[in-house]
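# Tertiary structure, described
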Amino acid sequence: MTPDYDRIVTHLKNDHAELLNWTLALDCYILKIFPVKSTPLIWVIGGEEKVFLVNAAKSTVVQTFDSLGDIIFAAVLNANTGNVLVASSTGVYQLSQSGEKTILLKEESWFEHIALSTDGLILFIACGKTLYIFLKKKNNYQLFSKDDSFTSTISDILFNHDAFLVSNYGG
């Protein structure tokens, strides 16, 4: 049986009509949006050096993080903490809802892919042919391994419940 998507969307729209009537101009290319579970907060990832934490119920910017790199390539939400991890042209950063910015990697390079295990304990970051693996210890991510054995540029990283996949061009 195929779900009736039109009816479902209409029902959601009608039930939440008062929440659909706001606009927030952030003056940037929006790369990604992540809702923070059980809060009215959303992370808005800009493609050029800025990330915003927005209160969606009030249509207000709670926090702005800038100078994260000329280009932001990728981001991932840690669903357990509500923090966001951002990969950019100058490094990798962890941003918290309280406004804290933690630098995980600071390097002028293109960190194009980032993936987080479902439990939030393992973080993979790709830069060209190199894969950085971080482990979470005492609420901080620490570099565990740097694997530069890939024969071509890493094109994606995927975590599943108990496994991961790293693809590169041609393999």
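### A word on the nonpolar core
Judged by nonpolar contacts, the single largest core of 16 residues is most densely connected at L85, V92, F111, I114, L123, I125 and F134. Counting only elements with at least two residues in this core, the list comes to strand 5 (72–77), strand 6 (84–88), strand 8 (101–106), strand 9 (113–116), strand 10 (122–127) and strand 11 (130–137). Top contributing element to this core by residue count: strand 10, with three residues. The next biggest cluster of nonpolar side chains, apart from the first, holds 15 residues, and it includes F34, L41, A75 and V84.

### Notes on the confidence of the model for the chain
Looking at the chain as a whole, the pLDDT averages 87, with 88% of positions reaching at least 70. No element of the chain has a lower mean pLDDT than helix 1 (residues 5–15), at 69, and none a higher one than strand 6, at 96.

### Section: the pairing of strand 8
Bridge count between strand 7 (residues 91–95) and strand 8: five bridges; the pairing is antiparallel. Bridged to V92 within strand 8 is L105. If you look at the hairpin formed by strand 7 and strand 8, you'll find five residues sitting between the two strands, and G99 has a positive phi there, around 100 degrees.

Reading guide: rules and limits
- Residues numbered from 1 in each chain as written.
- Predicted model: local features only at pLDDT ≥ 70, side-chain atom pairs only at ≥ 80, totals over all residues.
- Heavy atoms only, no water.
- Core = buried A, V, L, I, M, F, W, Y, C linked by side-chain atoms within 4.5 Å.
- Buried < 20%, exposed > 50% of the residue type's maximum accessible area, 1.4 Å probe, protein only.
- Helix = DSSP H or I, 4+ residues; strand = E, 2+ residues; numbered from the N terminus.
- pLDDT = per-residue confidence, 0-100.
- Pairing = 2+ DSSP bridges.

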